[in-house]
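# Remarks on the overall topology
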Amino acid sequence: MFIAVTRFSLFMPDSNSWVLSRGAKDKQDINAYINKLYDEDRLNFRISFLKEVTLPLLDEASKGYKFLHILEYSSNLPEKYIGILKELEHKFHFLKLNMHSIESDKKVLQPHQIAVKYFDKDFSDRDQPVGMFVLDDDDCVSLNYFKIMSKYLNAKFNGFAVSLGLGVVGIFNSNYELQNITENYYPKINIGLMRIGMYRYQKNSIIFPRMGSHSKADKFLPTILDSRELCYFWSKHPTQDTKNYSSYDSEVTRLLNAPKVCDESMNTNFGSNFINRLERLKDWRIT
């Protein structure tokens, strides 16, 4: 069983998880943060990537596996985007929305709690391993992700993390036109980094090991590194959080000049229509 968690531009003022949210404490700062977080160009790219790239690929890649994709969003997300998310939940059987209310102190359900209910009929009177990984709303894993990870979804690896360190990075310009796709080696990258936990039938609960920063996963958990195949796609574009770092422009220049991954390799690992889907993103807008 696999669980993916995506935070779709989740409203988290003063969180240190993103550069965009750091320091958003008073009303003026929070309003500025909201304007950036819910900027239409920013959201249009992300929701189009989710709809046209990530979810269709996950639909194909997860065939034959028990899979749940939890998408978290905030109640103040503009209504037109909430509407699209609900349409996607209806279309893709493995997708479940989890709204975080900003007006209420009501406790939000945790992914493992949602998963216990979702997988209810799949559980039996024995403990079972469960893998959970994170996907940003503008990234995706490859077609072979579940096949590779299923080898490690074993009780003997309970409490471990698994990192698939080899993937590709796609560079988009300010008009969201695809400029280059090049190979990327990044051990312990957050995309698809899986924690292995266990469903405990006596407690009817899924227990996952705790982990701090993904870049230091091996300081918290025994970590398996497997970089034999291309296993993720990482977007680089002007509205992503790392654009706020001073090193962004030089890094993009380096990636633009790096060798392009051949079409055959992309077709094998991400599907024959993957590049076409990426190229169509520039024309996808919500009015």
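Quick summary incoming for the structure in this document. In this text, all values refer to a predicted model and were calculated from it rather than measured experimentally.

Moving on, we get to the overall build of the protein chain. Summing up its helical and strand segments, the protein chain has nine helices and twelve strands in all. Its C-alpha atoms give the protein chain a radius of gyration of 19 Å, near enough to 19 Å, the size a compact globule of 287 residues would have. Structurally, the protein chain occupies a C-alpha span of about 55 × 50 × 40 Å along its principal axes. In the protein chain, buried positions account for 50% of the 287 residues. In the form shown here, the protein chain has an accessible surface area of approximately 14,300 Å², with 46% of it arising from carbon and sulfur atoms. Charge-centre separation for the protein chain: the mean point of 38 positive side chains lies 5 Å from the mean point of 35 negative side chains.

Okay, the pairing of strand β7 (residues 166-172) next. Two faces, one strand: in a regular strand the side chains alternate between the faces of the sheet. Taking burial as the measure, the seven residues of β7 include seven buried ones, the bulk of the element. Neither face of β7 is exposed, since Leu 166, Val 168, Gly 170 and Phe 172 on one face and Gly 167, Val 169 and Ile 171 on the opposite face are all buried. In this structure, β7 lies alongside strand β8 (residues 178-185), joined through seven bridges in antiparallel fashion. Pairing of Leu 166 across the sheet is with Tyr 185, part of β8.

On to the nonpolar core. Within the largest apolar cluster, 71 residues are counted, with the highest numbers of intra-cluster contacts made by Leu 77, Leu 85, Phe 133, Met 194, Phe 233, Phe 274 and Leu 278. The leading source of residues in this core is helix α2 (residues 40-61), at ten residues. When sequence neighbours within four positions are dropped, the list of residues in contact with Met 194 reads Phe 2, Gly 131, Met 132, Phe 133, Tyr 145, Met 149, Leu 153, Phe 160, Ala 161 and Val 162. With 15 residues, the next largest nonpolar core counts Met 1, Ile 3, Ile 114 and Tyr 199 among its residues.

Let us look at the pattern of salt bridges. Applying the stated criterion across every chain yields a total of ten salt bridges. The partner of Lys 282 in a salt bridge is Asp 283, and the shortest N-O contact between them spans 3.7 Å. Beyond isolated ion pairs, a larger network of salt bridges with shared partners links Arg 46, Asp 137 and Asp 138.

Counting through the fold element by element, Glu 103 comes out in the loop between β3 (95-100) and α4 (111-118). A relative accessible area of 63% places Glu 103 in the exposed class.

Moving on, we come to the side chain of Asn 144. On the secondary structure map, Asn 144 appears in the loop between β5 (140-141) and α5 (145-150). Among residues more than four places away in sequence, those in contact with Asn 144 are Glu 229, Leu 230, Cys 231 and Asn 269.

Moving on to the sheet that holds β7. The mixed open sheet is built from four strands, whose spatial order is β5-β12-β7-β8. Every other strand in the sheet has two partners, leaving β5 and β8 as the edge strands with one partner each. Inspection of the sheet shows β7 paired to strand β12 (residues 232-236) by four bridges, in the parallel sense. When the sheet's bridge partners are listed, Val 168 is paired in β12 with Phe 233.

This part takes up helix α8 (residues 263-270). Turning to α8, its buried residues number three or more, namely Ser 265, Met 266, Asn 269 and Phe 270. The buried residues of α8 occupy one face: seen down the axis, they fall within an arc of 100°. Those residues of α8 that are exposed and aimed more than 90 degrees away from the buried face are Glu 264 and Thr 268. Of the residues flanking the end of α8, it is Gly 271, one or two places downstream, whose phi is positive at about 105°.

Criteria and thresholds
Residues numbered from 1 in each chain as written. Predicted model: local features only at pLDDT ≥ 70, side-chain atom pairs only at ≥ 80, totals over all residues. Heavy atoms only, no water. Helix = DSSP H or I, 4+ residues; strand = E, 2+ residues; numbered from the N terminus. Rg over C-alpha atoms; globule rule 2.2 N^0.38 Å. Buried < 20%, exposed > 50% of the residue type's maximum accessible area, 1.4 Å probe, protein only. Areas by Shrake-Rupley, 256 points an atom, 1.4 Å probe, with all protein chains shown as cover. Lys, Arg positive; Asp, Glu negative; His and termini not counted. Charge placed at Lys NZ, Arg CZ, Asp CG, Glu CD. Pairing = 2+ DSSP bridges. Core = buried A, V, L, I, M, F, W, Y, C linked by side-chain atoms within 4.5 Å. Contact = heavy atoms within 4.5 Å. Salt bridge = Lys/Arg side-chain N within 4 Å of Asp/Glu carboxyl O. Arc of directions from axis to C-beta.

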